[in-house]
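Coordinate analysis (summary)
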Amino acid sequence: MCMEVRLRCKCGAKEAAFNLRDNVMPPEVITALYCPTCSAEVAFDAETMIDDNGWVIEYDVELARFMAVSRLGIPADKVTPAFLFDEGYATWKELYPGELEDIKAEKEAIVAILKEDPRRYFEELRNWTLARVKRLKAEGWRRAQRL
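Below is a short write-up of the structure. Values in this document were obtained by computation on a predicted structure and should not be read as measured data.

On to the overall build of the protein chain. Each helix and strand in the protein chain was counted, giving five helices and six strands. Oriented by its inertia axes, the alpha-carbon framework of the protein chain measures out at about 55 × 35 × 25 Å. Taking as baseline every contact in the protein chain between residues at least 6 positions apart, the subset at least 24 positions apart corresponds to 52%. Taken as a whole, the protein chain presents about 8,500 Å² of accessible surface, with 52% of it coming from carbon and sulfur.

So this is what it looks like as structure tokens:
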């Protein structure tokens, strides 16, 4: 089970949803979010931040280490921003912020095929999914790289 957390970026222009895997980390483990616009104004600190295509997430790494040691038995030195993000302990709900909105129209067009031709629907859905993941990997989205 994952807890969902919604945060607005520092400039207030955008919002992103996060999942907290297995509810191991509290929402406070994410201390700040910077969209591609406001991230240009922040000094990046690799010890506490991760950059995903211009989106910067800042973590309370000390809190994360405490939680990982006490709840998971993971050594503190293994807990980094990359660990938190890539292992799903504090990561995007989607593959990237706004993904569900971006794909809504595309998916609706494919779902419409289901009524006409179920076999073609499954082919179109598979082809669309494969092409989309390939595109997201090429764009450099971290979560897509693991698919």
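Most often, soluble globular proteins have nonpolar side chains that are buried together. By size, the foremost hydrophobic cluster in this structure holds 37 residues, and its most contacted members are M25, I57, Y59 and L84. Residue assignment for this core shows that the elements contributing at least two residues are strand 2 (15-21), strand 3 (30-34), strand 4 (49-52), strand 5 (55-59), helix 1 (61-72) and helix 2 (81-86). Residues in contact with Y59, not counting those within four places in the same chain, are V29, I30, T31, T48, I50, P81, L84, F85 and A90. One finds I110, I113, Y121 and W128 within the second-largest nonpolar core, a separate group that totals five residues.

Attention now moves to the side chain of E99. Relative to the helices and strands, E99 is located in helix 3 (residues 99-116). A relative accessible area of 7% places E99 in the buried class. In this view, E99 contacts E94 and R132; residues no more than four positions away in its chain are not counted.

Cut-offs applied
Residues numbered from 1 in each chain as written. Predicted model: local features only at pLDDT ≥ 70, side-chain atom pairs only at ≥ 80, totals over all residues. Heavy atoms only, no water. Helix = DSSP H or I, 4+ residues; strand = E, 2+ residues; numbered from the N terminus. Contact = heavy atoms within 4.5 Å. Areas by Shrake-Rupley, 256 points an atom, 1.4 Å probe, with all protein chains shown as cover. Core = buried A, V, L, I, M, F, W, Y, C linked by side-chain atoms within 4.5 Å. Buried < 20%, exposed > 50% of the residue type's maximum accessible area, 1.4 Å probe, protein only.

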